[in-house]
Amino acid sequence: GAVVSQHPSWVICKSGTSVKIECRSLDFQATTMFWYRQFPKQSLMLMATSNEGSKATYEQGVEKDKFLINHASLTLSTLTVTSAHPEDSSFYICSAGTGGTYEQYFGPGTRLTVT
Amino acid sequence: AQTVTQSQPEMSVQEAETVTLSCTYDTSESNYYLFWYKQPPSRQMILVIRQEAYKQQNATENRFSVNFQKAAKSFSLKISDSQLGDTAMYFCAFIRNTGTASKLTFGTGTRLQVTL
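Asker: Sorry, what's going on with the overall build of chain A here?
Answerer: Along the backbone of chain A there are zero helices and 11 strands. Helices and strands appear in chain A in the N-to-C order β-β-β-β-β-β-β-β-β-β-β. For chain A, the C-alpha atoms occupy an extent of roughly 40 × 25 × 25 Å along the three principal directions. Evaluated residue by residue, chain A yields a buried proportion of 50% over its 115 residues. The contacts of chain A with a sequence gap of at least 6 include a subset with a gap of at least 24, amounting to 55%.

Rendered as structure tokens:
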């Protein structure tokens, strides 16, 4: 149980275009989802926290207009990187949690390459 | 704000040997959880072990155990009988106990290489 999927696992896009990454909880209802960014050989940095039906809360320094997060249902959150640039190339990981417990479960990650 | 520090960027251990990874943290909270996560080359985050701050007994999971020193704010991970599959990045992480899922604060990680 407690499986989180991400789609796509790897995406290449051209500079200036937008790309959407999906995070799904497959067998539980995720009231809260977290989006992390990880550069090579570095730790995970939290970008934003989203609660179902509410606006996402972004961490300091994260551009909310560039990284659009939508958590429209209890099983799906999306991260859209708008007007992507090469410096947005990174590994993006989501995690999902349910209410009433601190547990959260990680997706397998999405590698984004902007050319 | 919470901080998590891992002072060992890289470590190496021979197969079947024991290795200890260090982690210290800083917080003013009294109710929290600590975790060790493993990130193998696949980059999937895997929970290795967790420790509730209010429990004095150190957590153990098979070959993995922790040494939790709350007063010293230290949380080290001991891996016994190391296996080649233990090769990975290991992250120490902190979470406040809010009764629900809340944001994790990660350390910078320790890259562990298990050799023959």
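Read on, since the account is not over.
Asker: Please explain the side chain of Ser43 of chain A as it appears in this structure.
Answerer: Structurally, the position occupied by Ser43 of chain A is in the loop between β4 (32-38) and β5 (44-51). On the basis of relative accessible area, Ser43 of chain A is assigned to the buried category, the value being 11%. A polar contact of 2.6 Å, which involves the side chain of Ser43 of chain A, links it to the backbone oxygen of Gly107 of chain B.

Asker: What's the story with the interface of chain A and chain B in this structure? I'm lost.
Answerer: Think of interface size as the accessible area that goes away when the parts come together; that is how it is often given. Listed by partner, the interface residues are 25 residues for chain A and 22 residues for chain B. Both sides of the chain A and chain B interface together cover about 1,900 Å² of buried area, and 53% of this is carbon and sulfur. On the chain A side of the interface with chain B, the three residues burying the most area are Ser43, Tyr102 and Phe106 of chain A, jointly 34% of the side's total. Here chain A and chain B share two salt bridges between them. The salt bridge involving Glu59 of chain A is made with Lys103 of chain B; its shortest N-O contact spans 3.0 Å. Linking chain A with chain B are eight residue pairs in polar contact (both at pLDDT 80 or more), by the criterion used here. Of all the secondary-structure elements, those providing two or more residues to the side of chain A that touches chain B are β4, β5, β9 (90-97) and β10 (104-106) of chain A. Counting residues per element, the side of chain A that touches chain B draws most heavily on β4 of chain A, at four residues. Here the side of chain A that touches chain B is composed, by residue class, of 10 nonpolar, 11 polar and four charged.

What counts and what doesn't
- Residues numbered from 1 in each chain as written.
- Chains lettered and ligands numbered in written order.
- Predicted model: local features only at pLDDT ≥ 70, side-chain atom pairs only at ≥ 80, totals over all residues.
- Heavy atoms only, no water.
- Helix = DSSP H or I, 4+ residues; strand = E, 2+ residues; numbered from the N terminus.
- Buried < 20%, exposed > 50% of the residue type's maximum accessible area, 1.4 Å probe, protein only.
- Contact = heavy atoms within 4.5 Å.
- Polar contact = N/O pair within 3.5 Å; in protein donor to acceptor, adjacent residues only side chain to side chain.
- Buried area = accessible area lost by both parts, 1.4 Å probe.
- Salt bridge = Lys/Arg side-chain N within 4 Å of Asp/Glu carboxyl O.
- Nonpolar A, V, L, I, M, F, W, Y, C, P; charged D, E, K, R; others polar.

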